[in-house]
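# Structure at a glance
For reference, the chains in residue letters:
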Amino acid sequence: MPLVELRNVSKIYRLGEEEIRALDDISLDIGEGEFISIIGPSGSGKSTLMHILGCLDSPSKGTIRLDGVMIEKASARQLATIRNRKIGFVFQFFNLLPKLNVVQNVELPMIYSGVSGKERRQRALAALDAVDLANRAKHRPSQLSGGQQQRVAIARALVNSPRIVFADEPTGNLDSHTGDAILSLFRKLSQEGRTIVLVTHDPEIAAVTPRRIEIRDGKIATKIDLTLAGMDRRSGSGEAAVVAQP
Amino acid sequence: MSAGPLAASPEALRHSWAQLGISILAGMREIWSHKFRSLLTMLGIILGVSSLVAMSALVAGMEKGAKEALVAIGGLEKVSITPQGLPVEQRHLSDQAVGITINDVEALRQSAPLVTLFSPEMRMPATLSAKGKTFRPWNCMGVWPAALEMNEHVVEYGRMFNELDDEIARNVCVIGTATRDELWGAPEKVGQEINPVGETIFINGVPFTIIGMFKHYESEEERKERLLAQSKAAQPQAGGVVRNQGWGGSKRRSNFVFYLKNATVYLPLNTVWMKFRAGASQFSISSGGGGSRTISGTTGDPRLSGLSVKIATVDKLSESLQQIHNVLMHTHKGIEDFSFFTQEDWADQINTFIHNARLSGSLIAGISLLVGGIGIMNIMLASISERVREIGIRKSVGAATSDIFTQILVESVVIAILGGLTGLATSFALVNLISSFSPTDNAPIIKITALAIAFAFSVLVGVVAGIFPAIKAARLNPIQALRYE
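## Remarks on the sheet that holds strand β2 (residues 18-30) of chain A
Consider a sheet: its strands pair through backbone hydrogen bonds, and that pairing is either parallel or antiparallel. Read across the sheet, four strands follow the order β2-β1-β4-β5 (chain A) without closing on themselves; strand pairing throughout is antiparallel. Only two strands of the sheet have a single partner each, and these edge strands are β2 and β5 (69-70) of chain A.

Printed below as a string of structure tokens:
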């Protein structure tokens, strides 16, 4: 059974008389441990797809199963719990709380899962250590560089050991050098067996992932899967092979 | 791969407690990061709480002062029976009216079990003189020794006259401090407490021996002031001629009730009757000069100017009055030449006044608390619109609607509680300030219950003011909140 199972999902917004199909009948599976990117220009619906996958939003039609739970039937509180326990987010603008220091920011998800203070601090420091920022634990986010802030955000996303991590344009606000460092961090995490979904408009960035899905006008336009072509995703490079086109 | 339980209930409970502690800390941090803004917000609550406490302290002080005065004149159980002009339909019987006499005392003693204490009074106009000075006390009357208990007097020096003194009509008297102050000098003036017991005093020209003096009656407030002045003014008086500054010129500012009580002179009832023939003729009080002047010789007994009785309990006041009325109607041959005075009317007036003072004070304090609450709500709304993104982030990492609701509500309550505590502290200063220019003699009393109620109200205001902003924050859509700039 795949980790995420999307079946005929549509998201429809209404602007007065007009009906906008942000997502149109999308079906998609994401397996455990996959490293996948969702590509598309702005307005294509990729962000909407990520929000639905990340339980921030619910679909107008269709079903989603995440780790065996039917999401579209869950209550708001259950969605919050799922976001807390099973999902980690990394955003373009880092989205750290400026009034909290680094370690408090990383502790934030554990506060909502009711982890005791001592364990919270330990796990937060361990997560910071994993992104090589343990020495900056007491700094404010504003005292860190963009790349460091993004690593703090990654530590926060990982601290509750989620089943799946969504990264929304994680390099969009970074220079190319720092962006590369962040991408290689994601690759490393993927090699450790994490399930990671990278959302981007940039095909170059998407090239780091073995599997890519291109969204256009709310539909899946292209699917590329190097793993099916017999290429080891751990190699992380190689020519992209077009495997299937709808 | 199985779905883990989404929310186990004991875990959820522990979670919510941990969450609460963290929310309180977060609220404190939020307040600390906007110190000035939070202080201004709290000001409304501070004013509301301190005015609530100060108001209740003022009213409590007034209430205590009024109760003290009420006790000083004999308490609620005291009923005065006084002569009164006859009702219109009995006017023609006025020459047969017997007036209040010792007979009534005996009749009541035997037939009115609800009455526990009797004090017949025979008042007489008196001029006291000693050492070349004269003084006209407010109240000079012949009484039984029971008057001591009836009017809550305490003999400080010497003794009260007893039944024997009364029986053989000795020329003895017990005076209040006002008489001593006027004839021998007040302690404040002469620098020492003069004990006039054993001195001779002339009452309407007849020599009497002072055998006792009451203690000095004063309100709590006066007592404190006097002690303070005493400890301060140990220095000797400046030399020179001591001027008489007129009646009561050097008198301390005095509560009238207590002054009147001090200006009392008691003589044995029989002495007054036998030496002054005071009860021989009696003016009926309310019919003025127009009529019922009877020589007691024609009806026998000496007339009393009044009869004070104490009833068993205030709860049975009306029954007791009825009982007394029945007995007296009998002894007075059906002529209603007496009336009752109780302290109830006065007590009612006091209660009405205090009720009104409390109501208007509460209204003012309530309005300032309301304004404080509006201030909190305003600032919480401003605060959440500044923090839309923060709320989005918190939701994205798994904060439930209820978590955000709690967080905002706790912040609001923390502001209110801090304001409330500061208000309680401020109220002490405010009470001191008010009492320094207070029109009443009564020191305000800060009660624990007033503090508790004021504090509870401040918390309530915090909760009520926080609910709407908290709902607004909790309902924010996480996606829009994350995009918010």
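## Some details on the interface of chain B and chain A
Across the contact, 25 residues belong to chain B and 25 residues belong to chain A. If you list the elements that add at least two residues to the side of chain B that touches chain A, you get α1 (9-33), α14 (388-396), α15 (401-436) and α17 (478-483) of chain B. Top element by residues in the side of chain B that touches chain A is α1(B). It accounts for eight residues. Grouping the amino acids of the side of chain B that touches chain A by side-chain chemistry returns 13 nonpolar, seven polar and five charged.

## Let's talk about the confidence of the model for chain B
Residues and elements named next belong to chain B. Summarising the model, chain B shows a mean pLDDT of 80, and 86% of its residues fall at 70 or more. Scored below 50 in pLDDT, residues 1-8 makes twelve contacts in the model with residues more than four places away or belonging to other chains. Predicted complex metrics record ipTM = 0.87 and pTM = 0.68.

## With respect to the nonpolar core
Residues A:Val106, A:Leu128, A:Ala155, A:Phe166, A:Val197 and B:Val53 are the most contacted members of the largest nonpolar core, which totals 120 residues. The leading source of residues in this core is helix α2 (residues 35-72) of chain B, at 14 residues. Ignoring sequence-local partners within four residues, the contact set of A:Phe166 consists of A:Met50, A:Leu53, A:Gly54, A:Ile87, A:Phe89, A:Val197 and A:Val199. Counting residues in each nonpolar core, the second largest holds 47 residues, with B:Leu108, B:Phe135, B:Met141 and B:Val265 among its members.

## Some remarks on the pairing of strand β5 (residues 139-143) of chain B
Residue and element names in this part refer to chain B. In terms of burial, β5 is largely enclosed, as four of its five residues are buried. Across three bridges, the pairing between strand β2 (residues 115-123) and β5 is antiparallel. Bridging from a neighbouring strand, Glu-121 pairs with Val-143 of β5. Across five bridges, β5 lies against strand β10 (residues 264-268) in parallel orientation.

Conventions adopted
- Residues numbered from 1 in each chain as written.
- Chains lettered and ligands numbered in written order.
- Predicted model: local features only at pLDDT ≥ 70, side-chain atom pairs only at ≥ 80, totals over all residues.
- Pairing = 2+ DSSP bridges.
- Helix = DSSP H or I, 4+ residues; strand = E, 2+ residues; numbered from the N terminus.
- Contact = placed C-beta atoms within 7 Å.
- Nonpolar A, V, L, I, M, F, W, Y, C, P; charged D, E, K, R; others polar.
- pLDDT = per-residue confidence, 0-100.
- Core = buried A, V, L, I, M, F, W, Y, C linked by C-beta atoms within 7 Å.
- Buried ≥ 20, exposed ≤ 12 C-beta atoms within 10 Å, placed from the backbone.

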